[in-house]
Structure formats: C-alpha cells, structure tokens
Amino acid sequence: MNSANRFTPYVFLAPAAIIMAIALLYPLGYMIFGSFRDWNPSQTIGESEFVGLANYITLFHDPAFRESLAVTLTFAASVVFAELFIGVGLALLLDREIRGMSVLRTLFILPMMIAPVVVGLMWRFMYHPTVGTFNKWLETFGFEGVDWLGAHALFSVIVADIWQWTPFIFILSLAALQSLPRSALEAARIDGATGWQQIWHIKLPLMMPVLIVTGLLRLIDAFKVLEVILVMTEGGPGLSTEILALRISRTATEFRELGVAAAMSNYLLILLFILTVSMFAITKIQEMRSARMSRQIQQDA
Amino acid sequence: MQNKRPNPAFYALLIALIFMAVGPITLMMANSFKLDVDIIGGTSGLLFMPTIRNYETALCDVLWYEPAHLDYCSIKFGGAFINSLIIALVSTALTLVIGCMAAYALVRFRFMGRDTVSLTTLMVRMVPAAVLLVPVFGLWNNEFCLDKEGLIGGAIRDTFGGRGDVCLAGTHSGIILIYVAMNLPFVIWILQSFIVQVPRSLEEAARVDGASPFQVFFKVVLPLIKPGLAAAAIFTFRIAWNEYLLASALSDRNTKTVPILIVNNTSEFNVEWGVIMATGMLLAIPPIIFTLFASRQIITGMTAGAVKG
Amino acid sequence: MHSVLKTTLVGAVFSTALGAGAFANPYEAYDGTTLIVNFPAHPHYEAVVQVLPQFTEETGIEVEVDMLPYLKMRERQTLELTQDEGEYDLISYVVFSKADYIFADQLENLAKYFMNPKLSDPTYDAKDLIDGYVQNIGVAGGTKGYLPGPTGSLFGLPQGSETSVLMYRKDIFEKHGIDVPQNYDQLLEVACQIPEVEPGMGGMASRAASGHQASHAFLLHLAPLGGRVFDDNWNPVINSEEGVAAANALKTIVDCGPKGAMSFGPSEAANSFSNGESAMFMDSIAFAPGFEDPTRSKVAGNVGYALHPEGVRRGSQTGGFGIAIPKNAEHKEAAFLLAQWLTSKRGDKLIAMAGGNPSRFSTYADAEVQAKYPFAETFGEALKYADPDWRPIIPTWGKINADIGTTMSKVLTEGLDPKEALDGVAERSRAIMEEAGYYTWQ
C-alpha cells in the first residue's frame, strides 16, 4: 500500500514554500536590508552605502511623509467607516425575499471586479471640471460646478472607493444576516420588539464578529489602494491625495531614492502588521469566547 | 416587517442602487462609442451617433484592415491584451495548483513547522504591492539574472535574441512569478476552508484501494472542491489581470499589460477620452463576463475568505 | 565611327559606374539593421513617427519605437542606461535628464561621429540648427557644469525644441477691444478682465497640477520676472522678491482661470483653450498645431500667437527634448545616421510639415511651412529669446522640482503664503544641495 510517509506534507508544500520564499520573503528581507542604505536606481544594492537608520530618521522628520501618512490614515478610516455604515445599512434594508436577488447581487459586485485603473478612469471623467458628468448635472439644475479633483480631491477619491467597495461589505453582511438563528429573531418579534430594537439588540450584536473581520479586511485593503488614486489625481493637488503607496512609488521612481522608499515601505508594513495582529487577536478572542459559551451551555444542560 | 409588502420607496431604493452600481460602467461604455467632439462638446445623454472608431484606434495593431482615420498605429492594444492574457492565465493556473497542494498539506497533515507555515502565509497576505515595488524592482533587474555567457543564459540569448544578461525583469515569467507569490497566501487561505469540508472517509476509502497521496489529492479531493477552485481562480485572475504597479516596474516594451497601456495614455498631452474609454472597456470585459456567469462562486469565495478570519 | 560609338558607350557605362561609386549609399552597410528607439508620447514625436517609414524606405534601416509618457520614459531610461548592454539605440531625453545621464557617463559624445567621414553628411549645415537649442539640449560641461561654455562638448541633438509663446483668441480680443499683452502687468490684467467681460470663460489656461506641472508653471514666470532658482554660487534664491512675484502671478492666473484650473495638467489646460473655455494659453509651441486642427479644436483659425510677455527681461522657456545615443547601445553608428537624418534640413522640414517643432532656422523661414502653419514666423522670433537657464539642469533637480511642485500646488489650493512657501523650498533645497556637495568649494 502506498501510504503517506512523513515527507508527504513537505512535498505538497514545497512548491508554494519555494515560490513564497523566493518572491515574497526574500524580497522583504532585501527591502529591510535596503532600507538602511543610501541606494539609487542606477546602483546595485552592493554598490550602495550603509547609512544606518538615516532613512528612517529623515522620514520621521519629513513633513511630506507625515502628511502622506495622515492622508493615508484619513482615507483608510473614512472609507472603512462609510462603507461599513452604508453596506450594513443596505443589508438590513434589503434583507428580505425579493425575486431576482441573485441578479441584484451580480450587478452589485461588478464594481469590485473591474480594474482599479478603469475605475479611476471612469471617475476621473465623471469628476472632470467641465465635461464631467457631475458638473454637467449640477449646471443643468442651475448650480455652480464643483472643483471635484481640485479643492475636494480627497473627498472625491474617497467617494470613488466607497462606490467600488461598499458592495463587498453589503454582500458579506447580507450573508451574515441571513445565517442568523431565526429562533432568536422569532422570539424577539413575539416579545413585541420593534424593527429598530431588533436591529440594535439582536441583529447587530449577532453580526458583530463578521463585521469586525470584514471591516479589518477592508482596512488592510484600503492601505493597498493605489491605482484608482494614481489615475484620478496622481496624488495632487499638493499632497492632498498622496497615500503612502503612491508616495513609495514616487520616491522610488521619481526621486530615485530606493533606500528611503524601502524605509517608507517598512513603516507601512509595520502599520499593517499591527492591524493584522489585532485582527488575529480579535478572532482568537471571539473563538475562545464562543467555545467557552458552548461549553457552559453543555454544562448547564 | 418581513410580512408586509415592500412599499414603493423600497423599489425606488433598489433602482437607485442599481443605477449607482451600473451607471458609471454604462457611461463609460456609451462614451467609448462616441467621438471626442461629442464627449467633450456635451451632447449628453444617449442621443449620439455610435461609432466604432475608438475601438479601431485602440485595436489598430490587430485589425486586418487599416482604419481610414489613422495615419499611424500608436496604441498597440492587441499586443498588450495578449500579454495580459498570458500573464493572467498562467499565473492563475500555477497559483491554483500550487496553492491547492499547500492548502491540502496544511489541512490534512500534522507535521513539524505546520503552524509556522500557516502563520507566515496569513501574515504575508497583508503585504501591499507597493511595499514589494522596491525589492522586486531591484531583485528582478539585478539579482535574478542568468549570465549571458553562461550555459542557460547563452542558450536563451541565442534562441530569443535580445541583449545583456538574461534577467527576470522584462519577461512574462518575471511578472508571473510575483503574481503567483502574491496570490498564493490568499488562495491557500480560501481553499483551506473548502478542503476541510471534504469528508475524510472518501479519502480513506481511496487510500484503502491503494491510491497514493497524490492520487488521492488529484482524483478525490480536487473534484470535490471545484466551487472553491472556481472562486479562487476568479479572484486570482482578477488581481493578475488588473494589477498595474508591479507590472509597470517589471515589464518592458514587449511585455506591457493593458493596465499599463491605459495609465500611459491618460497622463499625457492629449487625453483622447474616447480611445481611453474604449481600452478601458476592453480591459473590463473579461471580468464583467466572469461576474455575470460566476457571481455565485464569487460570493461563495468572498464569504469563505472573510468568515474564516 | 564604330569605335567612336563604342568608346562613348563604354564611357557612358564607365561614368555611370563611377557615379554610383561616388554616390555610394552611405547607409548600405546598415541595411537591414533594426534600431530600437525610445520616444516620449508627445505631439512632436507623433509627427516624428509619421516620417520614420520614409527613413526606412530611403536607408533600409528599420526603426522600432517604444513610446512612453515622458516621466515614465525617464524611469525606463534610468534602468536601461545602467545595464551593461542596453536595449535602446537612440533615446529621446527631457532637457533636465541631460545632467543625470552625462554625469553618469551614459551618453556617447557625438564628436567622433561628426568627425567620421563615412557617417557625417557634408550637407548637414550645423550652423542652421537653432543655436540656443543645440547648446541647451546637447552641450554640457561648460558654465555651471550643465550649461554650454568653453569647456563644453556635444552629447545630443535637439529634437522637438520648444519655447513658450502666448496663444490668444483673436476673436475675443477683437470683440472687446483688448490689446495683446506685451508685458506681465498687462498679461495679468487681461487674464482677470476676460472672466468679467466674457462670463464663463477663463482668462488664461495654465498648468497647475501638483508636482512637475505646478513647478513648470511657476518657473515659466520666474525667468521673465527676473528670478532664478539659484544664484551663481548655488545658493537658493527662489524666495527672492522676484520669486514671490512669480508665485503671485501664477496664483492670479489660476484664480482668474477656467474652472478646475488648479488640477490642470498640460492636456487639460490645452483642452480648455481648444474648447473655447479660456481666452489665453501660454505654454509650449508644441501645442499649436493641435489648435489649428479643426477636428480636434473648436478655435481653429481664431488663435493668435505672440511672444511670451516681457517681465523685467524677455525669457521664454527652453524645453523639449533631445536625442542621444546611449553608451550601451548596440547599433550606435546606425543610430547616429537616424539622428542626423531627423535633424537634417530635409528631415526637419518633413517633421515640421507633419506637425512637429522644427529645430532649424531654415525650416521656420520655409515658405511652405509658413503657409501651412501661420505661427511659424512668430515662433522663429520667439526662439531668439529662449532662456537656456530658466531652470537648473543638475542631478538634484528632480527632487527640488518635486518640492517646488507640491509647495506651489499648496499655494494655489490651500492658500499657503507664497513667501513662506518659497522660504521653505529654499531651506530644503539648500539642504539637498549641501548633501550633494555643491558647497564644497565655499
């Protein structure tokens, strides 16, 4: 009999491990190494000069980097809150038997599937000061046009992201909502709870675990956004929409400072690391709590 | 509340939502059939003479005839489309096979280092493409190279031509490698939740019949997790198809993908809206088709990805 | 009789053979070579690629063009030029890349090609090339290191030379009896007068988008208003009175400009003008052929062209591109032949007729070119005032340029005080220059 020996799992794992080691872990190590060097694109890393923590310190005192960090945090926090609010709200509103719900869901996930580059393009056009859709509408109704990608660039960029990613939260919270124990809702209705009370005291608390995870996933993804903003504003005006990902790419290519870009990447990585760890911690705590609860229920019974 | 007939406001909301979701896409499609004069001049709405001129301009390198309005074919969309296709398909296939095997190992076997592997996989999932930009640029261009005097490097230069050392940068393989690596953590993660659901008894039965672990994996497990594979495939394809940043750092003039082409054409002197919208539409069509035909798998995949935490 | 005929015949045959020998095709040795060239996506180069098939037909040298947006092009070149063997045989470069490339010893010195009798065309007439451009784009090693001077030498040839001119709507100016601005006071006055007399129309369309564009727009006014980024000892003087005046001028122009002006790049600004949303546009001459093309512009035929208004001095920008041969190129000699062909009298005129910017005085004076492009004469005049030092072309410029660009954008959008903003730029620039060793000798 061809039974599994103890090497089998390693054989299954090997291709993935090798590829991730070569193309993810090694590059990350290389980047950390590079972040301590004064390194420009015309040099190989060996030719660059070791500068210790200089890149990190420069960045720490660099107002442009700080502003970019602030923009990134504002962007990420705003989109996640807005998307959670709208997405969950819509899920609560639309949680009922409708014919053609699957068609609806299909239409809603379209924005997520389209290339960010194309999304950026569509919105850049719609926001265009003179030929854009929004200003044309405004003018038809006799209002002044708004300088969407000028004075209100960050807001406009946030709106575009909300458009693209709210469906993600909507669909996940709808799934969570529909898998809630019907008995609890039944009981509440029999007790005469109003719609609002049901939402506040039963539905939302029960959905909370899924919502937290979804929110954190979106938060991590919000730090990865780049193409949409690149196409819409290229980070401007000023630094008002220059998120960190964009700043890294500009530092590397336009300012030709690979070392500084690497240090910036590291800052971003640390930030995301903290978020990921907290996501783990939250899920672990939840698992433990529900395990304890079910144990209690068993003991009670 | 659930028993009441939905009121008109409810339907109004639905229609508004559909309009918001699909509106921008429809607008882009409409504009891709307009002349620039009409787009800018503002014959708004749907009253216009549709023209395929923008598509002719975009696709001029693959058309069998020469469009009358063009003197010179500057947008090589056809070539970029083929590059995108090669890169997205190959990297999706590789990611799935490799990721699936790894997920299987993580779910079904207890072995030393399992927790480390599992944790590392989860951690690297958060790494943004922008963070990989600097190291990948440096490595792919300078370190991951074969000497052109060497055996393999020399053979490649003799066969395919080109100059200098043979490096990963500028090749399809280089872009595919980084896409596979970037997508693996996600695919492993999502497929684990599907493999867990495969009844062990089926595998035991196959093994009793004398199947090797690999036969069990390919003949028993894989067919059972098809929905999961479909979901993972769509997500991987989507990222590989849509990615811009790394591709733009790694590709050269022969390996440009469509997103690069689009970005290159937006930031310049002459924004030809019609043509850009047409290229945008062409790039968006494959994902749109996937969505229309496989929305259920996409939603399954999304839920599996998120719920597992 | 017979023999006479025979001799004549032989003579004729002989002389034909001789003639063929004398006019031996200098391109013959390179027949079938494929050159890979890197050009920017830019109106001028769109004209160039249209004449390339003719070059191939005449010489048998194939040309494959890799066209990229110009900032992207620079990134690509940075990478290609550092390899031992590069892909590109001929590159087009932005003026401010010149310093980087030459400093890193990545471009071929052209002297040895012009000396080579097998390559150098005796009818080339280098004196006819617009001197300012050859100097600014091609020569380095003279004054301040990057400018031409007694110690300089030639590394590139101008291809797509640009300067700034004022383009204005003749019809609008006539309608309201406005005179064409000659100096900056008049320019700013007219810029803000237009929106009053012509509601909905912006005064002047200008680049202003964050980054390179805003910096470009600022520097465009800095030179004529008498300012400089650095003094002769590399001390930043961008925060001088002249600097503040230039920043204020830009702010006035943007404030009185068309809607959304703050986020304009060159294409948006040009579109605004060609759509009739702005009455003036002051930018590179490269845009002019587009304005005269009725399929792309609503204002064709109504555009007037004037010199860049005078501040305390005349000083229009020198911009545009040059072509050079990378040190790591494969087919350097064939690349030189292409460069020479493109900048020859014939090549230059062909490109001009296809809508490009000539690099030769004779092309600007050409009757056919003037007939097709009414602005050619003004441009020829404007080129005389082009200021090669309107922005420093030193290796640290990329970083300083980006800083000026984002800071200027803040002045325009967030109401940052110009003086304060420029003080900041000066301080940061000094640190950058210090680090790069520009104060070593002080």
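Residues numbered from 1 in each chain as written. Chains lettered and ligands numbered in written order. Predicted model: local features only at pLDDT ≥ 70, side-chain atom pairs only at ≥ 80, totals over all residues.

### So, the overall build of chain A
Thinking step 1. Of the regular secondary structure elements, chain A holds 12 helices and 2 strands.
Thinking step 2. Mapped in sequence order, the helices and strands of chain A form the string α-β-β-α-α-α-α-α-α-α-α-α-α-α.
Thinking step 3. Radius of gyration (C-alpha) of chain A: 24 Å, far over the 19 Å computed for a compact globule of 301 residues.
Thinking step 4. Dimensions of chain A, computed from the C-alpha atoms along their principal axes, are close to 80 × 75 × 40 Å. (Helix = DSSP H or I, 4+ residues; strand = E, 2+ residues; numbered from the N terminus. Rg over C-alpha atoms; globule rule 2.2 N^0.38 Å.)

### Focus on the overall build of chain C
Thinking step 1. Counting its secondary structure elements, chain C contains 19 helices and 10 strands.
Thinking step 2. Whereas a compact globule of 442 residues would reach a radius of gyration of roughly 22 Å, chain C reaches 24 Å, a difference of no more than 12%.
Thinking step 3. If one aligns the C-alpha atoms of chain C with their principal axes, the spans along those axes are about 95 × 55 × 35 Å.
Thinking step 4. Out of the 442 residues in chain C, the part that is buried amounts to 53%. (Buried ≥ 20, exposed ≤ 12 C-beta atoms within 10 Å, placed from the backbone.)

### Some points on the domain arrangement of chain C
All names here are of chain C.
Thinking step 1. Segmentation of chain C into domains returns domain 1 (28-162 + 319-383) and domain 2 (163-317 + 393-436).
Thinking step 2. On a C-alpha basis, the centres of domain 1 and domain 2 stand 27 Å from each other.
Thinking step 3. For the side of domain 1 that touches domain 2, the secondary structure elements donating two or more residues are α2 (43-59), α4 (98-103), β6 (157-169) and α17 (376-383).
Thinking step 4. If you tally residues by element for the side of domain 1 that touches domain 2, the top one is α17, at 5 residues.
Thinking step 5. Residue composition of the side of domain 1 that touches domain 2, grouped by class: 12 nonpolar, 7 polar and 4 charged. (Domains from an automatic or database assignment. Nonpolar A, V, L, I, M, F, W, Y, C, P; charged D, E, K, R; others polar.)

### Focus on the interface of chain C and chain A
Thinking step 1. Contacts between the two partners involve 22 residues from chain C, matched on the other side by 20 residues from chain A.
Thinking step 2. Contributions of two or more residues to the side of chain C that touches chain A are made by α3 (70-82) and α18 (397-414) of chain C.
Thinking step 3. Its residues assigned to classes, the side of chain C that touches chain A shows 6 nonpolar, 10 polar and 6 charged. (Contact = placed C-beta atoms within 7 Å.)

### Points about helix α1 (residues 8-32) of chain B
Residues and elements named next belong to chain B.
Thinking step 1. With 25 residues, α1 should reach 36 Å at 1.5 Å per residue; the first-to-last C-alpha distance of 35 Å fits that figure.
Thinking step 2. The largest bend in α1 amounts to roughly 45° and is located at valine 22, with the proline proline 24 lying one to four residues further along.
Thinking step 3. Among all positions in α1, only Ala21, Pro24, Ile25, Met28, Asn31 and Ser32 are buried. (Expected span 1.5 Å × (residues − 1). Bend = angle between axes of the 7 residues up to and from the residue.)

### What to know about the packing of helix α4 (residues 77-108) of chain B against helix α8 (residues 172-195) of chain B
All names here are of chain B.
Thinking step 1. The contact between α4 and α8 brings their axes to 6 Å, and the two run at 40°. The orientation of α4 with respect to α8, classified from their angle, is oblique. In the crossing of α4 with α8, the sense of the turn from one axis to the other is right-handed.
Thinking step 2. Along the lines of polarity and charge, the residues of the contact of α4 with α8 split into 21 nonpolar, 7 polar and no charged. (Axes fitted to C-alpha atoms, helices over the stretch in contact; angles between N-to-C directions. Parallel < 35°, antiparallel > 145°, perpendicular 65-115°, else oblique. Left-handed = near helix turned anticlockwise from the far one by under 90°.)

### Regarding the confidence of the model for chain A
Any region with low pLDDT has predicted coordinates that should not be read closely.
Thinking step 1. Residues of chain A with pLDDT of at least 70 account for 97%, and the chain-wide mean is 83.
Thinking step 2. Per-element confidence in chain A ranges from a low mean pLDDT of 79 for helix α8 (residues 182-190) of chain A to a high of 89 for helix α3 (residues 63-94) of chain A. (pLDDT = per-residue confidence, 0-100.)

### Overview of the pairing of β6 of chain C
Residues in a regular strand project their side chains so that they alternate between the two faces of the sheet.
Residues and elements named next belong to chain C.
Thinking step 1. Across the 13 residues that make up β6, a large majority, 13, are buried.
Thinking step 2. Of the pairings in the sheet, the one linking β6 to strand β10 (residues 318-324) comprises 5 bridges and is antiparallel in character. Within β10, the position partnered with threonine 163 by the bridge is threonine 318.
Thinking step 3. As paired elements, β6 and strand β8 (residues 278-284) share 5 bridges and run antiparallel to each other. By the bridge assignment, methionine 167 is partnered in β8 with phenylalanine 281. (Pairing = 2+ DSSP bridges.)

### A closer look at the interface of chain B and chain A
Thinking step 1. Taken residue by residue, the interface counts 78 residues in chain B and 76 residues in chain A.
Thinking step 2. Of the residues forming the side of chain B that touches chain A, the biggest block, 17 residues, is contributed by helix α14 (residues 273-307) of chain B.
Thinking step 3. When the residues that make up the side of chain B that touches chain A are grouped by side-chain class, the tally is 62 nonpolar, 15 polar and 1 charged.

### A look at helix α1 (residues 8-34) of chain A
Thinking step 1. Look at α1 of chain A: 37 Å from first C-alpha to last across 27 residues, which is about the 39 Å you get at 1.5 Å a residue.
Thinking step 2. When the local axis directions of α1 of chain A are compared, the greatest deviation, roughly 45°, occurs at alanine 14 of chain A, which is followed within four positions by the proline proline 15 of chain A.

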